[in-house]
Amino acid sequence: MSLQSDLKGWDGKKADYLTEVYDRYSSQPDFLELLIVQMNASSLQSGATWLLKHHFDCGGEKLDAELATQLYKNLPALVLWDAKLHVLQVMQHMPIPGHQAAMTKAFVDQCLQDDVKFVRAWAYSGFWELARQHPRFRGQAEALLQNGLEQETAASIKARIRKCLKRGWK
């Protein structure tokens, strides 16, 4: 079996299955790189991004600049809402290289328009993370967050925005 075939075997629901996949492959030296490659296939991206998030949730090492660059280059390939959500949730673990900042901003801007509330909520966090790493976006981020508090109606989105504002730019 391979990581790709195991991702193909996932039913899209059972987290225990993906946890077993993680346990089977996470010690391989190219594990993170393989996950990032799998993100390009729409049929595998939900599982691959779930595994990436699980990796960070388990205290796994952050992506180095090279792997982060590969991941950010793959952002336009993300078409599934849960894959977008997973990436937005782990942006704090990934440096955003300067040459990827514009592409990352375009991805986050797109996610801010998503119909799925969780994606929108985490897109605010994604923009905050972009501005934290690249101060030239701070003015836009502050305006976006304040506007979101006024315009968004979902409590979950407002709570996420307030978390960003509370953290500041440390």
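Residues numbered from 1 in each chain as written. Predicted model: local features only at pLDDT ≥ 70, side-chain atom pairs only at ≥ 80, totals over all residues. Heavy atoms only, no water.

**Observations regarding the packing of aromatic side chains**
Part 1 of the argument: Summed over all chains, the structure comprises one aromatic pair.
Part 2 of the argument: Plain terms: the ring middles of Tyr22 and Phe31 are 5.6 Å apart, the flat faces sit at 75 degrees to each other, and that makes the pair edge-to-face.
Part 3 of the argument: The class for Tyr22 is buried, based on a relative accessible area of 10%.
Part 4 of the argument: One residue, Arg160, lies across the ring of Trp122, its end atom 3.7 Å from the ring centre. (Phe/Tyr/Trp six-rings, centres within 6.5 Å; stacked < 30°, edge-to-face > 60°. Buried < 20%, exposed > 50% of the residue type's maximum accessible area, 1.4 Å probe, protein only. Lys NZ or Arg CZ within 6 Å of the ring centre and 35° of its normal.)

**Some words on the state of the cysteines**
Part 1 of the argument: If you walk through the whole model with that rule in mind, you get zero disulfides.
Part 2 of the argument: Looking at Cys111, it has no disulfide partner, and the nearest cysteine sulfur is the one in Cys164, 14 Å off.
Part 3 of the argument: Residue classification places Cys111 among the buried positions, given a relative accessible area of 1%. (Disulfide = S-S within 2.5 Å.)

**Some remarks on the side chain of Glu129**
Part 1 of the argument: Tracing the backbone through its elements, the reader meets Glu129 in helix 8 (residues 117–133).
Part 2 of the argument: For Glu129, a relative accessible area of 3% puts it in the buried group.
Part 3 of the argument: Of note is the side chain of Glu129, whose polar atom sits 2.8 Å from the side chain of Gln133.
Part 4 of the argument: Contacts of Glu129, omitting those with residues within four sequence positions, involve Met91, Gln92, Ile96 and Arg167. (Helix = DSSP H or I, 4+ residues; strand = E, 2+ residues; numbered from the N terminus. Polar contact = N/O pair within 3.5 Å; in protein donor to acceptor, adjacent residues only side chain to side chain. Contact = heavy atoms within 4.5 Å.)

**Details of a negative patch on the surface**
Part 1 of the argument: A cluster of acidic residues, Asp30, Glu33, Glu61, Asp64 and Glu66, forms a negative patch at the surface.
Part 2 of the argument: Structurally, Asp30 is set in the loop between helix 2 (15–25) and helix 3 (31–38).
Part 3 of the argument: What makes Asp30 partly exposed here is its relative accessible area of 33%. (Patch = residues over 30% accessible without salt bridge, like charges linked within 9 Å, V, L, I, M, F, W, Y side chains within 5 Å. Areas by Shrake-Rupley, 256 points an atom, 1.4 Å probe, with all protein chains shown as cover. Salt bridge = Lys/Arg side-chain N within 4 Å of Asp/Glu carboxyl O. Lys, Arg positive; Asp, Glu negative; His and termini not counted. Charge placed at Lys NZ, Arg CZ, Asp CG, Glu CD.)

**As for the pattern of salt bridges**
Part 1 of the argument: Using the criterion set out here, one finds seven salt bridges in the structure.
Part 2 of the argument: With its nearest N and O atoms 2.8 Å apart, the salt bridge here joins Lys53 to Asp57. Linking Lys53 with Asp57, this pair stays in helix 4 (residues 45–57), spanning four residues, or about one helical turn.
Part 3 of the argument: Linking Asp114 and Lys84 is a salt bridge whose minimum nitrogen-to-oxygen distance equals 4.0 Å. Of the two residues, Asp114 sits in the loop between helix 7 (101–112) and helix 8 while Lys84 sits in helix 6 (residues 81–90), which places them 30 residues apart along the sequence.

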